[in-house]
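Inside the fold
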Amino acid sequence: MKTLSVGESAPQFSLLNQCKQSIALNQFVGKKVLVYFYPKALTPGCNTQACGLRDSKTELEKHGVVILGISPDSPEKLSKFSEKKALNFHLLADEDHQVAEQFGVWGEKKFLGKTYDGIHRISFLIDEQGKVEQVFRQFKTSNHHQVVLDYLTQK
């Protein structure tokens, strides 16, 4: 698994969101985009992470950041997730994990003694020109939003 690095061009993609609308990365040229990958909607860690971003959206927008959450869930499951947690940003369905593979976040994982392939919880800040500005790997689901905000305010 080779994860994208700072300075590399972000892969262009188009995925369906929780409303079954096609959302493409190139719709946000001229803005920063936080592309965050998470394993599964409506699970405790993913709920915590998404709600932190939801509650920080206004602050992130002050820095010109748009939030895109990507998981291998279906648009229907993402719709339930968005509705249940009152999420205020796009959740994108990468059911065949092609986008996750392009970003280098799909690979072997271990959980409770089992080994399987899945999404690694990594986020990318894409700059206004479509290049990776920062990669966030070290965070807890409860402080992900703060790690991103701290990075933005320290620039």
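Scroll up to find the structure this text is about.
Keep in mind that this is a model prediction, so the values were computed, not measured. (Residues numbered from 1 in each chain as written. Predicted model: local features only at pLDDT ≥ 70, side-chain atom pairs only at ≥ 80, totals over all residues. Heavy atoms only, no water.)

Right, let's talk about the overall build of the protein chain for a bit. Counting secondary structure elements, the protein chain contains four helices and nine strands. Counting from the amino terminus, the protein chain carries its helices and strands in the arrangement β-β-β-α-β-α-β-α-β-β-β-β-α. Out of the 155 residues in the protein chain, the part that is buried amounts to 48%. A separation threshold of at least 6 residues defines the contact pool for the protein chain, and within that pool the share at least 24 residues apart is 64%. Element-wise, carbon and sulfur atoms account for 48% of the exposed surface of the protein chain, whose accessible area totals about 7,800 Å². Within the protein chain, the 17 negative side-chain charges are centred at a point lying 5 Å from the centre of the 20 positive side-chain charges. (Helix = DSSP H or I, 4+ residues; strand = E, 2+ residues; numbered from the N terminus. Buried < 20%, exposed > 50% of the residue type's maximum accessible area, 1.4 Å probe, protein only. Contact = heavy atoms within 4.5 Å. Areas by Shrake-Rupley, 256 points an atom, 1.4 Å probe, with all protein chains shown as cover. Lys, Arg positive; Asp, Glu negative; His and termini not counted. Charge placed at Lys NZ, Arg CZ, Asp CG, Glu CD.)

Per the stated rule, a full pass over the model turns up seven salt bridges. Glu128 is the salt-bridge partner of Lys32, the closest N and O atoms lying 3.7 Å from each other. With a gap of 96 residues between them, Lys32 in strand S3 (residues 32-37) and Glu128 in the loop between strand S8 (123-126) and strand S9 (132-136) connect regions that are remote in the sequence. Owing to a relative accessible area of 27%, Glu128 belongs among the partly exposed residues under this scheme. Residues Glu133 and Lys32 are paired through a salt bridge, measuring 2.4 Å at the closest nitrogen-oxygen approach. With Glu133 in strand S9 and Lys32 in strand S3, this residue pair connects regions lying 101 residues apart in the sequence. A single burial state applies to Glu133 and to Lys32, both of which are buried. One salt-bridge network, in which partners are shared between bridges, spans Lys32, Glu128 and Glu133. (Salt bridge = Lys/Arg side-chain N within 4 Å of Asp/Glu carboxyl O.)

What follows covers the pairing of strand S4 (residues 65-71). When you tally the buried positions in S4, you get seven out of seven residues, the bulk of the element. Burial along S4 is two-sided: Val65, Ile67, Gly69 and Ser71 facing one way and Val66, Leu68 and Ile70 facing the other are all buried. One crossover worth recording links S3 to the parallel S4 by way of helix H1 (residues 44-62), and it is right-handed. Here S4 pairs with strand S5 (residues 90-93) via four bridges, running parallel. Along S5, the bridge assignment pairs Ser71 with Ala93. For the handedness criterion, the β-α-β arrangement of S4, helix H2 (residues 75-84) and S5 is classed as right-handed. (Right-handed = clockwise from strand over helix to strand, strands pointing away. Pairing = 2+ DSSP bridges.)

So, about a nonpolar patch on the surface. A cluster of nonpolar residues, Phe111, Leu112 and Tyr116, forms a patch on the protein surface that exposes about 370 Å² of accessible area. One can find Tyr116 in strand S7 (residues 114-119). The exposure class of Tyr116 is partly exposed, given its relative accessible area of 36%. (Patch = residues over 30% accessible without salt bridge, like charges linked within 9 Å, V, L, I, M, F, W, Y side chains within 5 Å.)

Turning next to the packing of aromatic side chains. Tallied over the full model, the rule gives eight aromatic pairs. Judged by centre distance (5.9 Å) and plane angle (50°), the ring pair of Tyr38 and Phe81 falls under tilted. Pair noted here: Tyr38 is in the loop between S3 and H1 and Phe81 is in helix H2, with a separation of 43 residues, a long-range link. The two residues Tyr38 and Phe81 agree in class, both being buried. (Phe/Tyr/Trp six-rings, centres within 6.5 Å; stacked < 30°, edge-to-face > 60°.)

Each pocket or cavity is described by its volume, and for the largest pocket that value is around 260 Å³. Pro39, Lys40, Lys109, Phe111 and Tyr116 are, among the 15 residues lining the largest pocket, the residues nearest its centre. Elements represented by at least two residues in the lining of the largest pocket include exactly H1, strand S6 (106-111) and S7. Residue classes in the lining of the largest pocket are distributed as seven nonpolar, three polar and five charged. (1 Å grid on protein atoms, 1.4 Å probe; cavity = no way out; pocket = protein on both sides within 12 Å on 5 of 7 lines; lining within 4 Å. Points joined across faces, edges and corners; volume = space filled by probe spheres on them. Nonpolar A, V, L, I, M, F, W, Y, C, P; charged D, E, K, R; others polar.)

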